[in-house]
Amino acid sequence: EHGPELAAIVLEPIRNQEPEAGFLERVRSLARKAGAVLVFDEITAAWRITCGGAHRVLGVEPDVAVFAKGMSNGYPMAAILGVRSVMEAAQSSFISSTYWTERIGPTAALATIRKFRDRVVERRLDEIGGRIQDGWREAGAAAGLTLHVDGIRPLGHFAFEGPVAQAARTLFVQLLLERGFLAAPAFYAMYAHRDDHIAGYLDAVREAFHVIGRAIREDGVERMLQGPIAHSGFRRLV
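This text gives an overview of the structure that appears in the document. Everything numeric here is computed off the predicted structure, so don't read it as measured data.

Focus on the nonpolar core
F172, Y201 and F209 are the most contacted members of the largest nonpolar core, which has 42 residues in total. Mapped by element, the contributors of at least two residues to this core are α2 (46-49), β3 (64-67), α5 (104-119), α6 (121-142), β6 (155-160), α7 (165-178) and α8 (195-217). If one sorts the elements of this core by residue count, α8 sits on top with 10 residues. Residues within four places of F172 in sequence aside, it is in contact with F158, F160, A183, A184, P185, Y201, V205, A208, F209 and I212. Counting 13 residues, the second-largest nonpolar core is a separate cluster that includes L24, A54, L58 and V60.

In structure tokens, the structure reads:
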């Protein structure tokens with residue numbers, strides 16, 4: 001609709017789900033038709049899928065790809081990659097930084113990339129994430145919970161369903177804290193996670209789901225909370 005007035009299309013190519021077949025290809029085609037720059041935000045999912053960015057697996061080349069601390073194992077770092085015609089636009093602007101000589105981020109990123117390649121880290125992240133998602137489903141079924149599990153395997157999450165879903169989510173966090181885990185209804189797989197970490201976490205999840213399932217059936221979820229029900233999203237600002 002905006003044709004040549006459209007400067008850019010910015011999107012995450014993948015996050016919670018695989019893109020529908022042909023979707024990214026259509027976006028790529030529309031960007032070319034409009035003369036717009038296609039920018040992939042790869043900050044969250046990219047390095048959990050493969051070294052160098054999810055676009056390498058998805059088969060669609062953006063004009064610009066943006067990465068952040070996933071490429072440096074959590075240390076402050078960012079990278080912007082792009083085709084020459086787009087990157088050269090920076091030559092007509094002024095870029096300055098207080099941190100030009102800061103070396104920790106680049107050093108961490110280089111070390112992370114080397115380890116990522118040497119250990120084929122994405123395979124381990126995919127394996128761990130799959131085990132966690134399967135564990136959620138099995139534990140939910142055993143506890144009689146209606147549970148929705150979603151997300152790519154390295155970035156999995158689940159949601160309770162029903163009128164007390166947010167209260168059940170709050171109770172889950174409380175119960176996991178009691179069992180030594182700082183956890184939300186999500187799991188971001190890390191290469192540092194060992195098998196005993198995974199087993200211990202899933203044991204705690206099974207216990208918590210059992211308690212939550214019984215509390216829902218007895219209409220007692222809110223009575224078990226030691227504090228208020230957690231805010232959902234940005235509703236605390238309303």
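From this point, things continue past the structure.
Some details on helix α1 (residues 23-34)
Helix length check: α1 (12 residues) gives 17 Å between terminal C-alpha atoms against 16 Å at 1.5 Å per residue, within 8%. Along α1, the positions that sit buried rather than exposed are L24, V27, R28, A31 and A34. Burial along α1 is one-sided: seen end-on, the buried residues are contained in an arc of 135°. Every exposed residue of α1 that faces more than 90 degrees away from the buried side is listed here: L30, R32 and K33. Tucked inside the fold, the buried residues of α1 contact β1 (8-11), β2 (37-41) and α3 (55-58). Residue G35 follows α1 closely and has a positive phi angle near 75°.

Thoughts on the sheet that holds strand β5 (residues 147-150)
The three strands lie next to each other as β5-β6-β7, forming an open sheet whose pairing is antiparallel. Because the sheet does not close on itself, it has two edges, and the strands there are β5 and β7 (186-188). When the angles between neighbouring strand axes are averaged without regard to direction, this sheet yields 10°. In this sheet, β7 lies alongside β6 in antiparallel orientation, the contact comprising three bridges. Bridge pairing links G156 to F187 in β7. The sheet strands contacting α8 are β5, β6 and β7, and the helix crosses β6 at an angle near 15°.

Each value, and the rule that gives it
- Residues numbered from 1 in each chain as written.
- Predicted model: local features only at pLDDT ≥ 70, side-chain atom pairs only at ≥ 80, totals over all residues.
- Heavy atoms only, no water.
- Core = buried A, V, L, I, M, F, W, Y, C linked by side-chain atoms within 4.5 Å.
- Buried < 20%, exposed > 50% of the residue type's maximum accessible area, 1.4 Å probe, protein only.
- Helix = DSSP H or I, 4+ residues; strand = E, 2+ residues; numbered from the N terminus.
- Contact = heavy atoms within 4.5 Å.
- Expected span 1.5 Å × (residues − 1).
- Arc of directions from axis to C-beta.
- Pairing = 2+ DSSP bridges.
- Axes fitted to C-alpha atoms, helices over the stretch in contact; angles between N-to-C directions.

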